[in-house]
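# Coordinate analysis (summary)
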Amino acid sequence: RDRNYEQGIDTSEMPMHFRYSYLLLSTVIASIVTFLFGASLAVFFPEFSWLEGGGAMLMIAGTGWVLQTILATWQMGSKKFEYLSHMASIMWLGVLPLLPAALLLLFLRDPSPQIPMLAVGFSSLMMLRQHFIRLNSLQTSQVWTLSWLLSLQSTAWLWIAIFFIF
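Numbers given to residues run from 1 along each chain, matching the order in which its sequence is written. Local features are withheld for residues below a pLDDT of 70 in this predicted model, meaning they are given only at 70 or higher, and side-chain atom pairs are given and counted only at 80 or more; totals for whole chains, interfaces and linings count all residues. Side-chain metrics rest on all non-hydrogen atoms present in the structure, leaving aside hydrogens and water.

## Here's the deal with the nonpolar core
Only buried residues count toward a nonpolar core. Its members are Ala, Val, Leu, Ile, Met, Phe, Trp, Tyr and Cys residues joined through side-chain atoms within 4.5 Å. Summary of the burial criterion: residues with accessible area below 20% of their type's maximum are buried, those above 50% are exposed, and those between are partly exposed, where the area comes from a 1.4 Å probe applied to protein chains only. In this structure, Phe37, Trp65, Tyr83 and Trp148 are the most contacted members of the largest nonpolar core, which totals 30 residues. Put simply, DSSP marks the helices as runs of H or I at least four residues long and the strands as runs of E at least two long, and each gets a number from the N terminus on. In terms of residue count, helix H3 (residues 80-94) provides more of this core than any other element does, six residues in total. Throughout, a contact is declared for two residues whenever any of their heavy atoms are within 4.5 Å. When near neighbours in sequence (up to four residues on either side) are disregarded, Phe37 contacts Met57, Leu98, Ala101, Ala102, Pro116, Ala119 and Val120.

## A closer look at the packing of aromatic side chains
When two rings of Phe, Tyr or Trp (its six-membered ring) have centres within 6.5 Å they constitute a pair, described as stacked for plane angles under 30 degrees, edge-to-face for angles over 60, and tilted for the intermediate range. This structure, assessed with the given rule, holds eight aromatic pairs. Between Tyr20 and Phe81 the ring centres are 5.9 Å apart and the planes differ by 90°, which places this aromatic pair in the edge-to-face class. Linking Tyr20 in helix H1 (residues 16-40) with Phe81 in helix H3, this pair joins segments that are 61 residues apart in sequence. Residue classification places Tyr20 among the partly exposed residues on the basis of a relative accessible area of 47%.

## Some points on the packing of H1 against helix H4 (residues 98-107)
In the contact formed by H1 and H4, the axes pass within 8 Å of each other and the chain directions differ by 30°. It follows from the interaxial angle that H1 and H4 lie roughly parallel. Considering only the axes of H1 and H4, their crossing is left-handed. On the side of H1, the interface is formed by Val33, Leu36, Phe37 and Ser40, while H4 contributes Leu98, Leu99, Ala101, Ala102, Leu105 and Leu106. The convention used is that axes are lines fitted to C-alpha atoms, helices contributing only their stretch in contact, and that angles between N-to-C directions extend from 0 to 180 degrees. Working rule for angles: under 35 degrees goes down as roughly parallel, over 145 as roughly antiparallel, 65 to 115 as roughly perpendicular, anything else as oblique. Crossings are classed by handedness, with left-handed meaning an anticlockwise turn of the near helix from the far one by less than a right angle and right-handed meaning a clockwise turn.

## Description of the layout of surface pockets
A pocket, in this scheme, is an open set of points on a 1 Å grid over the protein atoms alone with protein on both sides within 12 Å along at least 5 of 7 lines, while a cavity is a set where a 1.4 Å probe fits but cannot get out; residues line either one if an atom lies within 4 Å of a point. Grid points are joined across faces, edges and corners, and a volume is the space filled by probe spheres set on the points. When its volume is computed, the largest pocket comes out at roughly 1300 Å³. Lining of the largest pocket is provided by 46 residues; of these, Met57, Ile60, Ala61, Val120 and Ala156 occupy positions nearest its centre. Residue assignment for the lining of the largest pocket shows that the elements contributing at least two residues are H1, helix H2 (50-75), H3, helix H5 (114-138) and helix H6 (143-164). Looking at the lining of the largest pocket, the element that brings in the most residues is H2, giving ten residues. Residues are grouped as follows: nonpolar covers Ala, Val, Leu, Ile, Met, Phe, Trp, Tyr, Cys and Pro; charged covers Asp, Glu, Lys and Arg; every other residue, Gly included, is treated as polar. Across the lining of the largest pocket, the residue classes tally to 35 nonpolar, eleven polar and no charged.

Below you can see the structure in the form of structure tokens.
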């Protein structure tokens, strides 16, 4: 048997340039999908252009991720890059349900407001589940899941209040 073709399990640390590249690529993918989703919501909010809708959605959805990234960088110590890599996966996978919803909103003649509500609900539950599972695999306290959830929700509702109430 030729041992040249056998693969062992690589237990070495992922090189930092791969982590940075992954974080950047995940952020770009999530930002594009989030922007497109926000732009598609302009059908329900005629006072917003598609550009304003996309920008507003980036603020609503993105600020919590930035806040959690800052908290993790400041408090997680040696696990911060591993946690941030997991967060990047959660982020780009979590926006995937928003993409078909955005496309439906852009192309349907009279779309139902239930489409974006269901997409956001499904996306949120997917991300929460992934965060919980990934913290278990990191053997890290679920307090970080609570912190992540509070960061996302509090900043989202603050931006919604700013855009629609004040």
